[in-house]
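In case you want the letters, here they are:
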Amino acid sequence: MSKKILLDKINVPGIKTYEVYRKEGGYASVEKAIKAMTPDEVVEEVKKSGLRGRGGAGFPAGMKWSFIDKKSGKPRHLVCNADESEPGTFKDRYLMEFIPHLLIEGMITSSFALGANLSYIYIRGEYMWVFKILERAIAEAKAAGWLGKNILGSGYDLELHVHCGAGAYICGEETALIESLEGKRGNPRIKPPFPAVSGLWANPTVVNNVETIASVPWIINNSGDDYAKIGIGRSTGTKLISASGHVKNPGVYEIELGLSVDEFMNSDEYLGGMSSNRPLKALVPGGSSVPILPANLIFKTANGEDRLMTYESLSDGGFATGSMLGSGGFIVYDDTACVVRNTWNFARFYHHESCGQCTPCREGTGWLEKVLWRIENGQGREEDIDLLWSIQSKIEGNTICPLGDAASWPVAAAIRHFREEFEYHVRFPERIKNRNHFVAEPFDKVRHLVSKQTV
């Protein structure tokens, strides 16, 4: 069994409540940090741990903390990004719903490290029941003296609030989140200045993911060095994975980074293999925005090495033969899945969620959705495949925030690895009129038709 840091106590009866959480050792990291450490020492432990942002970008958390402006004299803020909206990702909801005090403890310890006296948890609008759970947990923590004035007699003050968004995926981008928190439309800001210098109300601000902040208590209670011993290389610690799709055991798993993809997919401890005993066709390893991988590149890299659940191994080979760990949204497809339909579904989402501020994204995501719909519904043309490639290439890298990249990468990877499937849709429209066209007749059984027509 792999080591559990975040989910170790999640099945303890009553762990949602302050009384049980405290009995199980909760809030020990706050005591240790405030009574026995300086804020800089807390930051240094997080640096030593090698903890990387768990929201998708994978940037070292301790380094991000060290960038915060301490010279201006302005108030500082910690904002928790709980706007979990990436299709295929649901691990933050699981943490907040079932062990909310772990996040509250992490927020207090991290706020102390940053010198923040006013911090926020920004949660997506669709998580209203989780919002209420967090509000109750914050009230319990405040009643017990962990929030408010003069915490533990130290002279350190902290107020913590939960702010509910209005259902916009774009507010998962840190500057759009800040704009929304300020009561404005959630449009991403041009950087620089970065939030660490000018963030919430133009004050120095750090924005971190739920899982990132929830990892801090263990690091402080033990040590950054102990955390760094878990995992492999620069992928230290554990990672929450949201597993879905055609597997026997979907759900949220905490894994030690460095576990092989093969073991995670096929062992009974984890996903237990394919749910239908049908062949594995494709994998999206890190949420809808990362490149899809074909079966031959899932368990092995292009160099023949075992593919591991790490930031480095999943990206091995670049986008030509690799993908990204991203937010850990692990979506598995068997041979009945249609890659064209799946790509259209993702494109539809990104078109809907584009804030419209940047022309390449505003216009390009709409064209991606329209052309993919055309191909999937038997109205595609031969030139549409190259048109899709052209559109996505003009979006990538040409927008203020990464939403444009998130919309273009899945399309590029689908064409790169499954171009024949797109050609099949264009050349045999009568065969794909039924939306479940690959259930009775998987693509591998009709691939020869595309080859014959090409010849």
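Cut-offs used in this document
- Residues numbered from 1 in each chain as written.
- Predicted model: local features only at pLDDT ≥ 70, side-chain atom pairs only at ≥ 80, totals over all residues.
- Heavy atoms only, no water.
- Helix = DSSP H or I, 4+ residues; strand = E, 2+ residues; numbered from the N terminus.
- Buried < 20%, exposed > 50% of the residue type's maximum accessible area, 1.4 Å probe, protein only.
- Polar contact = N/O pair within 3.5 Å; in protein donor to acceptor, adjacent residues only side chain to side chain.
- Contact = heavy atoms within 4.5 Å.
- Expected span 1.5 Å × (residues − 1).
- 1 Å grid on protein atoms, 1.4 Å probe; cavity = no way out; pocket = protein on both sides within 12 Å on 5 of 7 lines; lining within 4 Å.
- Points joined across faces, edges and corners; volume = space filled by probe spheres on them.
- Nonpolar A, V, L, I, M, F, W, Y, C, P; charged D, E, K, R; others polar.

> Just checking my understanding: could you explain the side chain of lysine 239 for this structure?
Take lysine 239: it is sitting in strand β7 (residues 238-245). Residue lysine 239 is classed as buried on the basis of its relative accessible area of 0%. Here the side chain of lysine 239 touches serine 327 through a polar contact of 3.3 Å, landing on its backbone oxygen. Residues within four places of lysine 239 in sequence aside, it is in contact with Arg54, Lys91, Glu211, Tyr253, Glu254, Ile255, Leu257, Tyr311, Leu325, Gly326, Ser327 and Gly328.

> What's the story with helix α14 (residues 339-353) in this structure? I'm lost.
Note that an α-helix has 3.6 residues per turn; residues three or four places apart therefore point the same way. End to end, α14 covers 21 Å across 15 residues, agreeing with the expected 21 Å (1.5 Å per residue, within 8%). For α14, the full list of buried residues reads Val339, Val340, Asn342, Thr343, Trp344, Phe346, Ala347, Tyr350 and Glu353. Summarising the contacts, the buried residues of α14 are in contact with β9 (280-284), β11 (329-334), α15 (359-376) and α17 (403-427).

> Looking at this model, I keep getting lost on the environment of valine 30. Mind explaining?
You can see valine 30 is positioned in helix α2 (residues 28-36). Taking relative accessible area as the criterion, valine 30 reaches 1% and is therefore assigned buried.

> Looking at this structure, how should I read helix α6 (residues 100-114)?
Relative to the 21 Å expected for 15 residues at 1.5 Å per residue, α6 spans 21 Å between its end C-alpha atoms, a close match to the ideal helical length. The buried fraction of α6 amounts to 15 of the 15 residues, a majority that puts the element mostly inside the structure. Trailing α6 by a residue or two, glycine 115 shows a phi angle of about 70°, which is positive.

> Quick question: what am I supposed to make of empty space enclosed by the protein here?
Empty space among the atoms can be located by rolling a probe the size of a water molecule over them. In the structure shown here, the tally under the stated rule is three cavities of 30 Å³ or more. By volume, the largest cavity amounts to about 80 Å³. Lining the largest cavity, in full, are Ile170, Pro188, Ser354, Cys355, Cys358, Cys361, Thr399, Ile400, Cys401, Leu403 and Gly404. Classifying every residue of the lining of the largest cavity gives eight nonpolar, three polar and no charged. Val284, Val290, Pro291, Ile292, Asn342, Thr343, Phe346 and Pro410 together form the lining of the second largest cavity. Broken down by element, the lining of the second largest cavity gets its largest block of residues, three residues, from α14.

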